[in-house]
There are 12 protein chains.
Amino acid sequence: MKILILNGPNLNTLGKREPGVYGTQTLDDLERLLVKKYPADNFEFLQSNDEGVLISRLNALLEAPADGVVFNPGAFTHYSYALRDAISMLDIPVVEVHLSNIHARESFRKTSVIAAVCAGQISGFGMHSYILGVEALKLHTNSKR
Amino acid sequence: MKILILNGPNLNTLGKREPGVYGTQTLDDLERLLVKKYPADNFEFLQSNDEGVLISRLNALLEAPADGVVFNPGAFTHYSYALRDAISMLDIPVVEVHLSNIHARESFRKTSVIAAVCAGQISGFGMHSYILGVEALKLHTNSKR
Amino acid sequence: MKILILNGPNLNTLGKREPGVYGTQTLDDLERLLVKKYPADNFEFLQSNDEGVLISRLNALLEAPADGVVFNPGAFTHYSYALRDAISMLDIPVVEVHLSNIHARESFRKTSVIAAVCAGQISGFGMHSYILGVEALKLHTNSKR
Amino acid sequence: MKILILNGPNLNTLGKREPGVYGTQTLDDLERLLVKKYPADNFEFLQSNDEGVLISRLNALLEAPADGVVFNPGAFTHYSYALRDAISMLDIPVVEVHLSNIHARESFRKTSVIAAVCAGQISGFGMHSYILGVEALKLHTNSKR
Amino acid sequence: MKILILNGPNLNTLGKREPGVYGTQTLDDLERLLVKKYPADNFEFLQSNDEGVLISRLNALLEAPADGVVFNPGAFTHYSYALRDAISMLDIPVVEVHLSNIHARESFRKTSVIAAVCAGQISGFGMHSYILGVEALKLHTNSKR
Amino acid sequence: MKILILNGPNLNTLGKREPGVYGTQTLDDLERLLVKKYPADNFEFLQSNDEGVLISRLNALLEAPADGVVFNPGAFTHYSYALRDAISMLDIPVVEVHLSNIHARESFRKTSVIAAVCAGQISGFGMHSYILGVEALKLHTNSKR
Amino acid sequence: MKILILNGPNLNTLGKREPGVYGTQTLDDLERLLVKKYPADNFEFLQSNDEGVLISRLNALLEAPADGVVFNPGAFTHYSYALRDAISMLDIPVVEVHLSNIHARESFRKTSVIAAVCAGQISGFGMHSYILGVEALKLHTNSKR
Amino acid sequence: MKILILNGPNLNTLGKREPGVYGTQTLDDLERLLVKKYPADNFEFLQSNDEGVLISRLNALLEAPADGVVFNPGAFTHYSYALRDAISMLDIPVVEVHLSNIHARESFRKTSVIAAVCAGQISGFGMHSYILGVEALKLHTNSKR
Amino acid sequence: MKILILNGPNLNTLGKREPGVYGTQTLDDLERLLVKKYPADNFEFLQSNDEGVLISRLNALLEAPADGVVFNPGAFTHYSYALRDAISMLDIPVVEVHLSNIHARESFRKTSVIAAVCAGQISGFGMHSYILGVEALKLHTNSKR
Amino acid sequence: MKILILNGPNLNTLGKREPGVYGTQTLDDLERLLVKKYPADNFEFLQSNDEGVLISRLNALLEAPADGVVFNPGAFTHYSYALRDAISMLDIPVVEVHLSNIHARESFRKTSVIAAVCAGQISGFGMHSYILGVEALKLHTNSKR
Amino acid sequence: MKILILNGPNLNTLGKREPGVYGTQTLDDLERLLVKKYPADNFEFLQSNDEGVLISRLNALLEAPADGVVFNPGAFTHYSYALRDAISMLDIPVVEVHLSNIHARESFRKTSVIAAVCAGQISGFGMHSYILGVEALKLHTNSKR
Amino acid sequence: MKILILNGPNLNTLGKREPGVYGTQTLDDLERLLVKKYPADNFEFLQSNDEGVLISRLNALLEAPADGVVFNPGAFTHYSYALRDAISMLDIPVVEVHLSNIHARESFRKTSVIAAVCAGQISGFGMHSYILGVEALKLHTNSKR
């Protein structure tokens with residue numbers, strides 16, 4: 001499978017900030033972990049603090065599609081209707097993932113303006129949320145065959 | 001692992017209702033699927049339309065704990081603060097799962113009064129949501145060892 | 001016609017409480033009244049204070065359907081999304097009825113989380129609300145033939 | 001019985017608009033239906049797109065009362081506090097009726113500013129809502145004798 | 001002074017309805033009372049249940065102005081932004097009056113969409129509210145000379 | 001008549017502040033104006049910036065009542081439930097008055113927590129609001145004789 | 001094209017009120033302007049302060065349709081669900097227009113209960129809003145041929 | 001006195017969960033404590049996780065009344081309008097008690113849908129809340145004699 | 001024990017106002033009652049209509065503490081964040097009491113801005129609420145020894 | 001005229017996504033269409049998914065102004081207060097345009113945080129919305145000469 | 001410069017309460033600190049728990065003005081519209097200061113009803129907030145010369 | 001000290017726009033002013049209209065920290081939860097500053113989604129807000145030594 005692992009703002013600091021909340025593993029560790037666990041799959045990794053870059057990457061899937069996207073929109077989750085539009089026009093499944101349980105934190109984190117146009121949402125399992133996101137894409141794809 | 005698969009109201013009708021939304025597989029199919037996929041694990045399955053039965057089953061985990069719970073609270077998700085209390089007093093991880101993407105349906109379905117006291121939430125992957133829930137428990141448990 | 005007359009919490013106390021508001025007739029009187037007025041029809045009467053029992057009875061209609069349901073959900077009207085789900089999966093008409101005019105009482109009574117998935121709602125006519133509910137089922141059924 | 005059948009804005013178009021929602025019968029058909037079904041009763045029919053005309057007709061009931069009113073206020077249901085006042089000063093029962101189930105449509109249709117001062121509300125049974133309204137008046141009147 | 005006494009919906013029923021709340025005097029009594037108390041002034045009296053008639057009467061003041069208006073908008077107080085617009089374009093003072101204390105009744109009566117464009121508001125003094133309204137116009141006019 | 005003219009916070013500065021909004025007359029001018037206009041009446045004037053002083057003065061009316069109170073609560077209008085309680089226990093009429101039209105200013109000024117327990121409310125007529133308040137008391141008292 | 005130019009309450013006063021906001025041109029000027037600019041088209045002009053008249057004119061389009069409607073509902077924009085219903089049942093395009101930018105004024109003006117059932121909304125261009133409305137109808141019609 | 005001590009969901013786990021919040025005493029300890037402290041009184045103790053069981057027990061008081069009820073509804077406090085109805089039809093005093101100070105916890109715990117139909121509410125005193133509840137019943141009963 | 005019985009605005013009028021709601025006993029009666037019932041305890045009684053006096057008395061407890069406070073804040077309950085701050089800095093328990101059941105009255109009375117920083121809240125038992133407050137302090141203190 | 005046609009996020013995908021909603025024409029088609037229709041005018045076209053780029057382009061108009069801007073902010077419409085600030089500091093007219101009728105879609109699309117600082121808003125006419133925007137600028141400019 | 005340092009309720013307890021939050025310095029320490037740091041300036045210090053005293057002190061500035069006011073309104077920040085009025089009538093700058101960052105605490109602390117009529121607001125710097133307030137007054141005054 | 005002066009969207013236009021509101025000084029003037037006033041300190045200045053650039057600059061402080069940040073987030077203040085996250089992970093103090101008093105402008109400007117994670121907030125002092133911000137950092141730093 002060709003899978004895009006997309007990460008939004010501040011996720012570049014993983015492992016460097018608040019390890020009590022987010023653990024000590026970095027985004028590089030995540031990439032190595034996924035590549036090792038799913039050697040047969042074709043991963044692309046992109047992190048950006050820039051909403052426009054994320055939108056453009058998603059737009060590009062219209063012409064060069066992948067099999068699915070695992071997307072952690074970071075704090076853009078709560079207000080980026082532009083990302084929502086970029087996702088809603090795709091034909092491939094996008095799985096929204098979060099490291100922490102967004103339902104157990106500040107109340108503004110409970111609202112995702114993006115989840116309604118994704119295939120589903122997974123939150124609360126740290127780095128494992130990405131693995132579960134990949135599993136979800138695989139289960140989703142197999143069940144359609 | 002000892003895992004409790006807990007299902008709330010109306011989930012007994014799976015496969016019999018709205019197959020366009022929920023698929024044609026029944027709860028029995030789910031049970032067979034999980035037992036087959038995880039032969040080494042010890043599953044207990046309980047479905048009830050009765051809030052009190054669900055609360056009591058969760059209460060019992062205080063004295064005879066399992067390693068984790070995968071819980072689809074059905075529509076109780078949106079108002080049962082009593083189930084929330086029953087979960088919040090447990091020391092083992094509870095993963096909230098939903099068949100459909102609750103964020104893409106009627107607005108009352110976007111609010112879970114239970115998610116804040118769970119380890120995490122997975123929604124939108126049909127029967128696969130339960131498998132992802134079990135995977136989440138396993139990843140969660142392994143990472144603690 | 002086979003008609004299920006379903007009554008929710010506290011309706012067992014009809015005739016015993018607040019006669020100024022609810023009259024002096026009991027649920028037994030209602031049953032006798034309906035059987036006498038519609039001798040050709042086949043009524044089943046069920047009252048329960050237990051949300052789970054009501055859900056299960058509605059679930060059972062998936063396999064042994066009636067021609068229609070007249071349902072007074074009592075105070076469950078205002079919060080039981082689980083009953084809503086149980087109704088929305090049925091193919092037969094459910095008419096929501098209320099003894100008192102719920103729009104003329106405390107403000108929480110104005111919201112029905114159930115009405116949106118019923119065929120219609122009738123409120124304010126005391127015991128007669130049930131008769132009107134049966135009439136509504138009959139008119140509804142005849143107009144479809 | 002002397003019964004006023006009062007219809008608010010746009011109900012003159014019945015049968016001419018959105019037959020999928022409102023059916024193909026016109027207001028004339030309704031009038032014929034009621035007269036035929038209740039030959040012993042004395043019906044007056046009034047439809048107006050004009051709030052003032054409806055208020056004035058209701059005001060006139062103070063001096064030349066009928067036995068009851070079956071009123072479909074159309075979209076005035078949702079904002080005409082002036083109609084509410086005109087109803088609340090009457091001593092005869094007014095039954096609010098709606099063709100469609102107003103609780104199952106756009107959210108603004110769920111609020112009736114009028115229902116609180118009516119005897120009751122019936123919604124969702126198409127043309128039959130008027131018949132049920134007449135029945136409700138008859139049951140209501142008989143039970144008072 | 002030339003003074004327009006304008007009355008909105010249902011005020012034609014004064015003295016005929018709810019005398020416990022609104023007293024037994026009719027609108028004719030009010031007219032006689034004002035003419036007698038202020039013989040030197042030139043009153044015009046208009047009551048209408050029709051929003052359009054009220055708007056048009058106010059519009060006409062642009063070309064044939066009076067010295068002031070005492071206006072009881074009845075229930076239009078709570079939603080007629082069209083009346084608000086009709087008042088806001090006038091150069092003469094309009095005093096909003098109410099028979100009952102609108103702040104002591106149902107909560108929807110507390111909001112006036114009209115008061116913000118009037119010179120002031122007087123509520124709660126029964127028929128006397130109109131006299132106070134005339135007094136207010138006189139004091140207002142004298143203080144400007 | 002024995003009339004208490006009660007003024008709340010900041011009204012001591014009348015004539016000294018924002019003359020464009022509140023005019024150039026002081027509270028002393030108001031007192032002289034009322035005494036001159038109503039020589040037969042017995043006025044008591046009290047202004048205080050202190051909520052407790054105003055409450056205590058109103059409490060004292062339980063034992064040494066006046067015929068009525070004209071009360072401008074200033075900004076206490078918007079939050080002093082304690083003043084509301086002090087008024088609601090009185091048997092004599094209290095008229096709430098405001099210099100400016102509170103419905104035409106900042107939105108917080110539109111809510112009076114006090115008006116519901118007063119006989120009525122008069123706002124928008126500058127110093128004349130007090131005269132209208134006294135007139136209202138007189139009309140109110142005469143109509144009761 | 002046969003085009004209905006429909007104007008709601010207070011628009012008869014155009015040019016006579018608040019010229020700083022609405023300019024000095026009257027509704028007659030608008031009519032002359034449109035007829036001159038679009039000599040080949042067939043215009044009907046109707047202004048009314050009366051909601052019922054506007055509803056009835058729209059209802060009549062069900063039987064004698066025009067090619068389109070340019071409608072300035074004035075303040076009815078903000079509460080007339082009855083006009084909304086009258087528009088939603090039409091098959092021809094209705095363009096909602098406003099002289100002023102309704103999004104830049106009082107907050108109640110930002111909500112249109114009508115726009116959702118129109119083809120589109122144009123606001124803020126004074127008299128030109130009507131020309132743009134006609135252009136919109138022409139572009140809309142041509143693109144469908 | 002005959003006193004019913006009624007406990008709602010999860011209170012069976014007292015002493016077994018979160019001892020930092022709820023202490024180490026169990027419901028059995030509470031029962032022993034009350035019986036010992038009030039040896040002359042006749043206590044009935046009932047705990048249930050099932051809303052229907054609690055409603056039915058309260059219903060039964062219509063025919064076999066006690067002198068009063070001390071009721072800790074647990075999390076049902078926040079949504080069970082059905083329990084509210086069951087209490088409001090009783091003629092005997094019901095005192096709502098809570099172990100913790102519900103006003104000092106999550107915001108959803110501040111709303112009791114039940115308190116309005118109880119004699120009073122006592123919260124925040126741990127096990128002592130029940131003793132205070134019994135004292136309240138005794139004081140209440142004595143003051144009526 | 002040294003106990004401060006603190007009363008807020010309007011409580012000086014107890015027994016003089018609305019005896020149907022608040023009974024005929026005065027604050028003096030309350031003081032006598034408490035002194036008689038608890039002869040071994042050291043009571044201080046303070047009532048003030050003045051928020052500042054109440055705050056200052058609470059502040060003084062920082063330097064000359066009592067064992068506890070029973071506080072009826074009257075209507076300050078609903079808005080005095082300053083009293084809240086004064087309580088939250090104390091180390092001794094403060095019990096909020098109310099004569100009437102504040103949850104069964106006007107909706108603004110349901111919100112206490114103070115309860116969250118008190119040990120607990122007792123409402124609805126008339127004069128007995130103070131006795132229960134003292135009992136609560138005693139139980140609270142004993143359980144800590 | 002020198003006119004800037006500014007397009008926000010995702011508009012680069014026009015013609016490639018959801019042709020049922022947005023048609024099959026691309027942004028290039030729009031550019032060709034405008035240049036062809038208005039050969040005498042000087043157009044600049046800019047689309048960006050990047051809020052910062054759009055803000056900077058608008059900022060640059062302070063020093064090298066155009067005669068007007070036609071701006072489709074895409075989903076930034078609903079939250080970019082930064083774009084609002086960038087527009088509000090300009091002296092030239094900005095017309096907000098939308099392809100679809102934003103008032104007829106999801107409720108979040110009804111709120112424009114930008115419209116209040118634009119000359120006006122046009123929505124619902126597909127590609128024609130841009131033509132109407134240019135027409136609006138031309139009419140606006142001519143009327144000022 | 002003549003500067004009034006005004007402190008509201010509970011600030012007299014500084015240094016005596018919650019030193020973890022508010023530090024160990026008292027209001028006396030603050031006074032000494034300011035006098036020492038700004039020996040050329042003329043400070044007046046006033047703290048009161050009494051809203052009326054604070055209002056009266058501000059009122060007095062109308063006749064004996066200072067060059068500016070540094071005001072910590074304590075909890076009055078959140079509800080005292082009377083203090084707001086007292087500030088808004090002054091011609092000299094008032095700087096609102098807070099010891100703690102009011103935006104990082106309970107949600108009710110985020111709303112200041114006073115800030116809108118002050119020159120500016122400074123919060124979060126402990127005792128230094130007052131120094132910054134004095135600096136702000138000095139910078140403000142110098143920039144006006 | 002090493003201090004980062006960070007400016008958000010549109011602040012590059014300072015001195016060029018709305019001088020009545022924001023003065024005539026440019027960002028360059030600000031930089032010169034700070035460098036001159038604090039010659040011993042090490043300033044870095046960064047302005048960007050691009051949220052991503054601001055986030056990345058803040059992220060970089062994790063590895064190459066400064067002693068503090070003075071941050072004017074411009075309109076990002078009101079919605080950029082991504083900037084909030086970028087600040088909350090830093091160990092150095094960030095002071096939020098605003099030129100204008102954000103509490104005295106449009107209501108959307110009163111909400112800062114960022115202030116809760118800053119050391120404090122300073123608003124309303126024009127260019128001086130930055131100086132006060134630097135002073136705040138210095139006082140804050142000294143008090144920690």
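In this report, we go over the structure that sits alongside the text. (Residues numbered from 1 in each chain as written. Chains lettered and ligands numbered in written order. Predicted model: local features only at pLDDT ≥ 70, side-chain atom pairs only at ≥ 80, totals over all residues. Heavy atoms only, no water.)

### Observations regarding the overall build of chain A
Secondary structure summary: chain A contains five helices and five strands in total. Along chain A, helices (α) and strands (β) appear in the sequence β-α-α-β-α-β-α-β-β-α when read from the amino end. Overall size of chain A, expressed as C-alpha extent along the three principal axes, is 40 × 35 × 25 Å. Per-residue burial over chain A gives 63% buried out of 145 residues. Taking the contacts inside chain A whose residues are at least 6 apart along the sequence as the reference set, 76% of them involve residues at least 24 apart. In the form shown here, chain A has an accessible surface area of approximately 5,000 Å², with 48% of it arising from carbon and sulfur atoms. (Helix = DSSP H or I, 4+ residues; strand = E, 2+ residues; numbered from the N terminus. Buried < 20%, exposed > 50% of the residue type's maximum accessible area, 1.4 Å probe, protein only. Contact = heavy atoms within 4.5 Å. Areas by Shrake-Rupley, 256 points an atom, 1.4 Å probe, with all protein chains shown as cover.)

### Focus: the pattern of salt bridges
Where side chains of opposite charge bring their charged atoms close, a pairing between them can arise. The full count for this structure, using the stated rule, is 108 salt bridges over all chains. For A:Glu106, the salt bridge goes to A:Arg109, with nearest N and O atoms at 2.8 Å. Across the pair E:Glu106 and D:Arg84 runs a salt bridge whose closest N-O atoms are separated by 3.8 Å. Residue E:Glu106 is found in the loop between β4 (94–98) and β5 (120–123), and its partner D:Arg84 is found in helix α4 (residues 81–88); the two belong to separate chains. Salt bridges linked by common partners bring A:Arg84, A:Asp85, J:Arg105, J:Glu106 and J:Arg109 together as one network. (Salt bridge = Lys/Arg side-chain N within 4 Å of Asp/Glu carboxyl O.)

### Structural notes on the sheet that holds strand β3 (residues 68–72) of chain E
As summarised here, the arrangement of the ten strands in space is β2(E)-β1(E)-β3(E)-β4(E)-β5(E)-β5(F)-β4(F)-β3(F)-β1(F)-β2(F), forming an open sheet in which the pairing is mixed. A single partner strand is all that each edge strand has here, and the edge strands are β2 (42–47) of chain E together with β2 (42–47) of chain F. On average, adjacent strands in this sheet sit at an angle of 20° to one another, irrespective of strand direction. On top of the sheet, helix α2 (residues 27–37) of chain E reaches β1 (2–7) and β2 of chain E; it is set at about 170° to β2(E), its chief contact. (Pairing = 2+ DSSP bridges. Axes fitted to C-alpha atoms, helices over the stretch in contact; angles between N-to-C directions.)

### Here's the deal with the relation of the copies chain F and chain K
Each copy superposes on the other: chain F lies on chain K with an RMSD of 0.0 Å after a rotation of 120° and an axial shift of 0.0 Å. Given the turn and translation reported, the copies of this chain are related as if by a three-fold rotation axis. Identified as the residue of chain F closest to the rotation axis by C-alpha distance is F:Tyr79, at 4.2 Å. Comparing interface residues between copies, only 18% of those in chain F also lie at the interface in chain K; the contact surfaces differ. (Least-squares fit on C-alpha atoms with pLDDT ≥ 70 in both.)

### Some points on the side chain of E:Arg57
All names here are of chain E. Here Arg-57 lies in helix α3 (residues 51–60). Residue classification places Arg-57 among the buried positions, given a relative accessible area of 17%. Those residues within four positions of Arg-57 in sequence are excluded, and the remaining contacts are Leu-4, Leu-6, Glu-44 and Leu-46.

### Concerning unusual backbone geometry
Residues and elements named next belong to chain F. If you check the backbone angles, Asn-10 has positive phi at about 75° while not being a glycine. Within the fold, Asn-10 resides in the loop between β1 (2–7) and α1 (19–22). Under the relative-accessibility criterion, Asn-10 is labelled buried at 0%.

### Comments concerning the relation of the copies chain D and chain C
Rotating chain D by 180° about the axis while translating it 0.0 Å along that axis superimposes it on chain C, leaving an RMSD of 0.0 Å. A rotation of that kind, with that shift, is consistent with a two-fold axis. Looking at the rotation axis and the C-alpha trace of chain D, the residue lying nearest is D:Ile122, at 2.2 Å. Both copies present the same face, since 100% of the interface residues in chain D are matched by interface residues at the equivalent positions in chain C.

### Re the packing of helix α3 (residues 51–60) of chain I against helix α4 (residues 81–88) of chain I
Residue and element names in this part refer to chain I. Interhelical geometry of α3 versus α4 gives an angle of 10° and a closest axis separation of 9 Å. Classified by the angle their axes make, α3 and α4 are roughly parallel. Within the contact between the two elements, α3 uses Glu-51, Leu-54, Ile-55, Leu-58 and Asn-59 and α4 uses Ala-82, Leu-83, Ala-86 and Ile-87. Classifying every residue of the contact of α3 with α4 gives seven nonpolar, one polar and one charged. (Parallel < 35°, antiparallel > 145°, perpendicular 65-115°, else oblique. Nonpolar A, V, L, I, M, F, W, Y, C, P; charged D, E, K, R; others polar.)

### Some points on the interface of chain F and chain K
With 17 residues of chain F in contact, the opposing surface of chain K contributes 17 residues. Interface area lost by chain F to chain K is led by F:Asn10, F:Asn49 and F:Tyr79, which between them contribute 36%. In this structure, the connection of chain F to chain K is made through three salt bridges. Inspection of the chain F/chain K interface yields eight residue pairs in polar contact (both at pLDDT 80 or more). In the side of chain F that touches chain K, the residues fall into five nonpolar, five polar and seven charged. (Buried area = accessible area lost by both parts, 1.4 Å probe. Polar contact = N/O pair within 3.5 Å; in protein donor to acceptor, adjacent residues only side chain to side chain.)

### Describing the interface of chain D and chain C
Across the boundary between the two partners, chain D contributes 22 residues, which contact 22 residues of chain C. Regarding the contact of chain D and chain C, the summed buried area is about 1,800 Å², with carbon and sulfur atoms giving 68% of it. Contact with chain C buries area across many residues of chain D, yet D:His103, D:Phe125 and D:Leu139 alone supply 29% of it, more than any other trio. Our count for the contact surface shared by chain D and chain C stands at zero salt bridges. Joining chain D to chain C, the criterion identifies eight residue pairs in polar contact (both at pLDDT 80 or more). For the side of chain D that touches chain C, the secondary-structure elements that each account for two or more residues are β5 (120–123) and α5 (128–144) of chain D. With eight residues, α5(D) is the largest single contributor of residues to the side of chain D that touches chain C.

### Things to note about the sheet that holds strand β3 (residues 68–72) of chain L
Reading across from one edge, β2(K)-β1(K)-β3(K)-β4(K)-β5(K)-β5(L)-β4(L)-β3(L)-β1(L)-β2(L) is the order of the ten strands in this open sheet, with mixed pairing throughout. Edge positions in the sheet fall to β2 (42–47) of chain K together with β2 (42–47) of chain L, since each has one partner strand and no second. In this sheet, adjacent strand axes meet at a mean angle of 20° when their direction is disregarded. Where helix α2 (residues 27–37) of chain K meets the sheet, it contacts β1 (2–7) and β2 of chain K, and its direction lies at approximately 170° from that of β2(K). Contacts from helix α3 (residues 51–60) of chain K reach β1, β2 and β3 (68–72) of chain K within the one sheet, and its direction differs from that of β1(K) by about 165°.

### Considering helix α3 (residues 51–60) of chain G
The element α3(G) is extensively covered by neighbouring structure, given that seven of its ten residues are classed as buried. The set of residues buried in α3(G) consists of G:Glu51, G:Gly52, G:Leu54, G:Ile55, G:Arg57, G:Leu58 and G:Asn59. Elements in contact with the buried residues of α3(G): α3 (51–60) of chain D, α3 of chain E together with β1 (2–7), β2 (42–47), β3 (68–72) and α4 (81–88) of chain G. Its side-chain oxygen at 3.0 Å from the backbone nitrogen of G:Gly52, G:Asp50 defines the N-terminal cap of α3(G).

### Describing the environment of L:Val134
Residue and element names in this part refer to chain L. Position of Val-134 relative to the elements: it lies in helix α5 (residues 128–144). Along the primary structure Val-134 and Gly-68 are separated by 66 residues, whereas in three dimensions their C-alpha atoms are 8.6 Å apart. Those residues within four positions of Val-134 in sequence are excluded, and the remaining contacts are Ile-3, Ile-5, Leu-34, Tyr-38, Phe-43 and Val-70.

### Here's the deal with the packing of aromatic side chains
Scanning the entire structure with this criterion turns up 72 aromatic pairs over all chains. Pairing B:Tyr79 with C:Tyr79 gives two aromatic rings, centres 5.9 Å apart and planes at 75°, and the pair type is edge-to-face. Taken together, the positions of B:Tyr79 in the loop between β3 (68–72) and α4 (81–88) and C:Tyr79 in the loop between β3 (68–72) and α4 (81–88) put the pair across two chains. Overall, B:Tyr79 belongs to the buried group, its relative accessible area being 5%. Joined through ring pairs, the aromatic side chains of A:Phe76, A:Tyr79, A:Tyr81, A:Phe108, J:Phe76, J:Tyr79, J:Tyr81, J:Phe108, L:Phe76, L:Tyr79, L:Tyr81 and L:Phe108 make up one cluster. (Phe/Tyr/Trp six-rings, centres within 6.5 Å; stacked < 30°, edge-to-face > 60°.)

### Some details on the pairing of strand β5 (residues 120–123) of chain B
Residues B:Gly120 and B:Ile122 of β5(B) are buried on one face, and the alternating residues B:Gln121 and B:Ser123, pointing to the opposite face, are buried as well. By the bridge criterion, three bridges tie strand β5 (residues 120–123) of chain A to β5(B) in an arrangement that is antiparallel. Note that in β5(B) the partner of A:Ile122 across the bridge is B:Ile122. Pairing of strand β4 (residues 94–98) of chain B with β5(B), which is carried by four bridges, proceeds in the parallel orientation. In the sheet register, B:Val97 faces β5(B), and the bridge partner there is B:Ile122.

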